[in-house]
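Architecture and fold: a report
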Amino acid sequence: MSQLALIDAAPVTTGRGLPGIQPFSVLRTDLGPWRDRRRAWEDLGLHSRRGREHVTTYKTADAFGRKMAAVNAGLSTFDPVLAEASYSWYCPEGGRVLDPFAGGSVRGLVAANGGYQYTGVDLSPFQVDANEEAAADWRARDLLAAEPRWIHGDALEELPALPAGHADYVFTCPPYHDLERYSDHPADLSAMRWREFAAAYSAIIAETVRCLAPDRFATWVVGEVRGSTGYLRGLVPLTIAAHDAAGARLYNDAILVNSLGTAPMRLGAQWRASRKHGRHHQYVLTFVKGDPRKATAALASL
């Protein structure tokens, strides 16, 4: 069944995007067309927090960046409209999507709904079970045009088992270091010190580039995080450098503007104490492996 039939919206027939949602360098999730599209997806039943009931999130407690833990408070959820738009912009029709940090079910369900062959890897068996339960529900309601696949395991161990050139598109949202603590597993990037995180993270990026077919795109949705002394870590430049070293060049960068939420209420004290901005954006970084002209030509039918 097509997306058009599922959520009553115009089909994607060009590379310009969904109605009212264009591939500009600033993506406005706070505007009407995006909100309406997201609501339509949510009405289908997207429960991206299932399987993450024990995740610990952090908020800055003082001007020095010291953090205070809160279980499952402010837990991030992935935007289905960003997934839908990204697949339509960068993945060939019916192509194979690889997600090394699968997390919740959103990216897999949206991909499979659109007929893409999705493979996600996640370290948590609870998360994989929750995702498969969600997929079973969507399958029973005839909402899947393809079968999503989730692999339980460490991306550093599971990705090398995939053949080179396996994926037509890499699309993921990695852990933002320790902003959310997922588990105490030794392979969990969110539990690592920064240097260990940077090394493992770069190695995983290298594996995803190896798995990516030549002349194809990869999109990473990342946000900056602060260290214990209050300085920004540099997750964005690390992501770019690791891709460059692996043979994928930065091709597009965009700012994803999220809703303000409670940021205005927190901003005053935060700004007076530390001059730290109220963050409500992420970076959408798209890389290309090989020739961008050939990668674009593969999308000519969209």
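Anything mentioned here points back to the structure above.
Residues numbered from 1 in each chain as written. Predicted model: local features only at pLDDT ≥ 70, side-chain atom pairs only at ≥ 80, totals over all residues. Heavy atoms only, no water.

Concerning the overall build of the protein chain
Per the secondary structure count, the protein chain includes ten helices and eleven strands. Counting the 302 residues in the protein chain, one finds 49% classified as buried. Once local pairs closer than 6 in sequence are excluded, the contacts in the protein chain between residues at least 24 apart make up 74%. Entry remark: accessible area of the protein chain is about 14300 Å², with carbon and sulfur atoms responsible for 53%. (Helix = DSSP H or I, 4+ residues; strand = E, 2+ residues; numbered from the N terminus. Buried < 20%, exposed > 50% of the residue type's maximum accessible area, 1.4 Å probe, protein only. Contact = heavy atoms within 4.5 Å. Areas by Shrake-Rupley, 256 points an atom, 1.4 Å probe, with all protein chains shown as cover.)

Observations concerning the nonpolar core
Judged by nonpolar contacts, the single largest core of 76 residues is most densely connected at Leu82, Tyr87, Phe171, Tyr201 and Trp220. Among the elements that line this core, the one with the most residues is helix α7 (residues 194-211), at nine residues. Excluding residues within four positions of it along the chain, Leu82 makes contact with Leu27, Trp34, Phe171, Val221, Leu256 and Val284. (Core = buried A, V, L, I, M, F, W, Y, C linked by side-chain atoms within 4.5 Å.)

Topic: the packing of aromatic side chains
For any pair of aromatic rings, the description rests on two quantities: the centre-to-centre distance and the angle between the ring planes. The tally for this structure, following the rule as stated, stands at 14 aromatic pairs. On the basis of an interplanar angle of 85° and a centroid distance of 5.7 Å, the ring pair of Tyr201 and Trp220 is categorised as edge-to-face. A residue pair is termed long-range when its members are at least 10 positions apart, and Tyr201 in helix α7 and Trp220 in strand β9 (residues 212-222) qualify at 19 residues. Judged by relative accessible area, which is 0%, Tyr201 ranks as buried. On the basis of relative accessible area, Trp220 is assigned to the buried category, the value being 0%. Members of the aromatic cluster, each reached through a chain of ring pairs, are Phe78, Tyr87, Tyr90, Tyr116, Tyr169, Phe171, Phe217 and Tyr251. Between the NZ or CZ atom of Arg107 and the centre of the ring of Phe78, over which it lies, the distance is 4.6 Å. (Phe/Tyr/Trp six-rings, centres within 6.5 Å; stacked < 30°, edge-to-face > 60°. Lys NZ or Arg CZ within 6 Å of the ring centre and 35° of its normal.)

Details of the packing of helix α3 (residues 80-90) against helix α4 (residues 106-113)
The geometry of α3 relative to α4 is characterised by a closest axis approach of 9 Å and an angle of 45° between their N-to-C directions. Here α4 runs oblique to α3, going by the angle between their axes. Between α3 and α4 lies a crossing of right-handed hand. For the pair α3 and α4, contact is made by Pro80, Ala83, Glu84 and Tyr87 and by Val106, Arg107, Val110 and Ala111, respectively. (Axes fitted to C-alpha atoms, helices over the stretch in contact; angles between N-to-C directions. Parallel < 35°, antiparallel > 145°, perpendicular 65-115°, else oblique. Left-handed = near helix turned anticlockwise from the far one by under 90°.)

Overview of the pattern of salt bridges
Opposite charge on two side chains makes pairing possible when the charged atoms of those side chains draw close. Applying the stated criterion to the full structure yields twelve salt bridges. For Arg293, the salt bridge goes to Asp291, with nearest N and O atoms at 3.3 Å. Residue classification places Arg293 among the exposed residues on the basis of a relative accessible area of 67%. Each of the salt bridges in this network shares a partner with another, and the network as a whole consists of Arg96, Asp168 and Arg216. (Salt bridge = Lys/Arg side-chain N within 4 Å of Asp/Glu carboxyl O.)

Some details on unusual backbone geometry
Backbone geometry places Asp142, a non-glycine residue, at a positive phi of 60°. Structurally, Asp142 is set in the loop between α5 (125-140) and β6 (149-152). Not every positive phi belongs to a glycine, and Asp215 is a case in point at roughly 60°. Relative to the helices and strands, Asp215 resides in strand β9.

Structural notes on helix α8 (residues 235-246)
Along its twelve residues, α8 runs 17 Å from first to last C-alpha, staying within 8% of the 16 Å computed at 1.5 Å per residue. Residues of α8 that are buried include every one of Leu235, Val236, Leu238, Thr239, Ala242 and His243, and no others. Along the axis of α8, the buried residues cluster in a sector spanning 165°; they form a single face. Among the structural elements, α7, β9 and β11 (281-289) are those in contact with the buried residues of α8. Gly247 sits one or two residues past α8 and shows a positive phi near 105°. (Expected span 1.5 Å × (residues − 1). Arc of directions from axis to C-beta.)

Section: the pairing of strand β7 (residues 167-172)
Counting buried positions along β7 yields six of six residues, so the element is predominantly enclosed. Here strand β4 (residues 96-99) runs beside β7; their pairing, made up of two bridges, is parallel. Directly across from Leu98, in β7, lies its bridge partner Val170. (Pairing = 2+ DSSP bridges.)

Here we look at the environment of Trp89
Here Trp89 lies in helix α3. Sequence separation between Trp89 and Leu299 is 210 residues, and the spatial gap between their C-alpha atoms is 7.8 Å.

As for the sheet that holds β4
Sheet architecture is open: eight strands sit in the order β1-β10-β11-β9-β7-β4-β5-β6, paired in mixed fashion. A single partner strand is all that each edge strand has here, and the edge strands are β1 (26-28) and β6. Ignoring which end each strand starts from, the neighbouring axes of this sheet average 20° apart. Both strand β5 (residues 117-122) and β6 contribute to a ladder of four bridges, which runs parallel. Counterpart to Val121 in the pairing with β6 is Ile151. On top of the sheet, α5 reaches β5 and β6; it is set at about 165° to β6, its chief contact. In the packing of α7 onto the sheet, the strands contacted are β4, β7, β9 and β11, and the crossing angle to β9 comes to about 145°.

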